[in-house]
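Residues per chain are reported as follows:
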Amino acid sequence: MKVKDFDFYLPEELIAQHPLEKRDESRLMVVDKNSGNIEHRIFKNIIDYLNEGDCLVLNNTRVLPARLIGEKEGTGGKMEFLLLKRIDVNTWETLVKPGKRAKIGARFIFGGGELKAEVKEIGEDGSRIVQFEYEGVFEEVLDRLGEMPLPPYITETLEDKERYQTVYSKEAGSAAAPTAGLHFTEELLTKIKDKGIKLAFVTLHVGLGTFRPVKVDTIEEHHMHSEYYTMSKETAEIINETKEKGGRVIAVGTTSCRTLETIANEEGRVREQSGWTSIFMYPGYKFKIVDALITNFHLPESTLIMLVSAFSSREIIMKAYEEAVKEKYRFFSFGDAMFLK
């Protein structure tokens with residue numbers, strides 16, 4: 001299957017540059033994954049499509065303020081570091097700009113010396129393995145000095161860092177937000193629980209591979225990035241019980257979906273587990289456990305639009321995206337939502 005089969009025309013003005021004032025006031029396109037029938041609603045109306053006995057699976061990862069602006073020791077040259085993956089307590093895989101200044105042994109300072117870094121290795125892909133030096137707790141230092149690593153297509157400054165976190169974010173470790181969850185408010189989640197719908201939480205730390213373009217011509221040649229996930233015993237029990245009683249397992253976002261499909265066995269059951277996943281879902285993939293999916297509108301030719309197409313069909317999804325453009329839906333991280341049922 002060709003990557004270009006997942007291309008579509010997207011006017012630049014439809015790329016959402018900032019979140020709406022109220023999270024659950026974004027638009028919601030409801031799509032029947034089998035017939036392609038489309039309804040236009042507001043996100044808080046999602047409750048109308050959830051039934052007692054269903055289970056929402058949400059990714060409770062928390063985005064690290066992973067962009068650090070510093071300078072090279074000795075020269076004072078300005079540098080930008082983006083934390084990608086923690087290797088051990090003080091060592092991270094990072095992207096560094098400008099890379100030519102970040103040779104092995106080069107040292108950098110941030111926050112007037114509150115945080116220091118030394119390049120230890122250079123990866124094949126140009127990433128740098130960096131060791132940090134600091135006093136106290138790294139996460140607290142990062143909170144003070146770091147900025148939110150907003151996706152490259154968002155050019156406006158984010159005033160409130162919490163708007164790039166879900167209201168249920170808990171486990172720090174992501175380089176990007178699981179954006180389908182950004183539409184939920186505490187009040188909406190309470191109403192959903194009161195209706196008899198279970199909430200189950202998984203953790204998948206989203207990497208920047210999410211934004212990397214697919215650079216091959218055919219989908220089958222693409223190699224997915226790997227991301228770390230965790231599912232607790234309690235979550236596994238909620239999900240298995242939902243299945244046994246005939247309820248639907250509804251993934252909130254492609255990250256929850258990838259976690260569930262990684263862990264599920266052929267009978268559609270899950271267990272307590274953690275590890276790395278590089279699962280790649282595109283048309284032809286047979287879903288084992290996910291019955292419905294809440295997601296945002298994704299980039300042309302991205303692995304995410306391929307996953308959504310696998311859940312429905314390429315024809316239905318491309319038609320829905322064409323409708324979204326026509327109806328001026330807001331796209332990407334701070335954009336509107338789709339419910340595939």
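What you see is a predicted model; the values in this text were computed from it and never measured. (Residues numbered from 1 in each chain as written. Predicted model: local features only at pLDDT ≥ 70, side-chain atom pairs only at ≥ 80, totals over all residues. Heavy atoms only, no water.)

### Quick look at the sheet that holds strand β10 (residues 128-134)
The strands making up a sheet associate through backbone hydrogen bonding, with each pair oriented either parallel or antiparallel. Strand order in this closed barrel of six strands is β5-β6-β7-β10-β9-β8, and the pairing throughout is antiparallel. Averaged over all pairs of adjacent strands, the angle between their axes in this sheet comes to 45°, without regard to strand direction. Pairing of strand β7 (residues 91-97) with β10 involves four bridges; the strand directions are antiparallel. Counted as the bridge partner of E93 is I129 from β10. (Pairing = 2+ DSSP bridges. Helix = DSSP H or I, 4+ residues; strand = E, 2+ residues; numbered from the N terminus. Axes fitted to C-alpha atoms, helices over the stretch in contact; angles between N-to-C directions.)

### Brief notes about the layout of surface pockets
Roughly 490 Å³ of volume is contained in the largest pocket. Lining the largest pocket are 21 residues, and of these L84, K85, R86, S226 and W276 sit closest to its centre. Those elements giving two or more residues to the lining of the largest pocket turn out to be β6 (78-86), β7, β11 (171-174) and β13 (227-231). Among the elements that take part in the lining of the largest pocket, β6 stands out by supplying three residues, more than any other. Split by residue class, the lining of the largest pocket holds eight nonpolar, six polar and seven charged. Each of domain 1 (3-63 + 160-340) and domain 2 (67-147) accounts for three or more of the residues forming the lining of the largest pocket. (1 Å grid on protein atoms, 1.4 Å probe; cavity = no way out; pocket = protein on both sides within 12 Å on 5 of 7 lines; lining within 4 Å. Points joined across faces, edges and corners; volume = space filled by probe spheres on them. Nonpolar A, V, L, I, M, F, W, Y, C, P; charged D, E, K, R; others polar. Domains from an automatic or database assignment.)

### What to know about empty space enclosed by the protein
Under the defined criterion, the tally for this structure stands at two cavities of 30 Å³ or more. In this structure, the second largest cavity spans a volume of roughly 110 Å³. As for the second largest cavity, its lining consists of 14 residues, of which P19, R163, L182, H183 and F334 are closest to the centre. Considered class by class, the residues forming the lining of the second largest cavity number four nonpolar, six polar and four charged.

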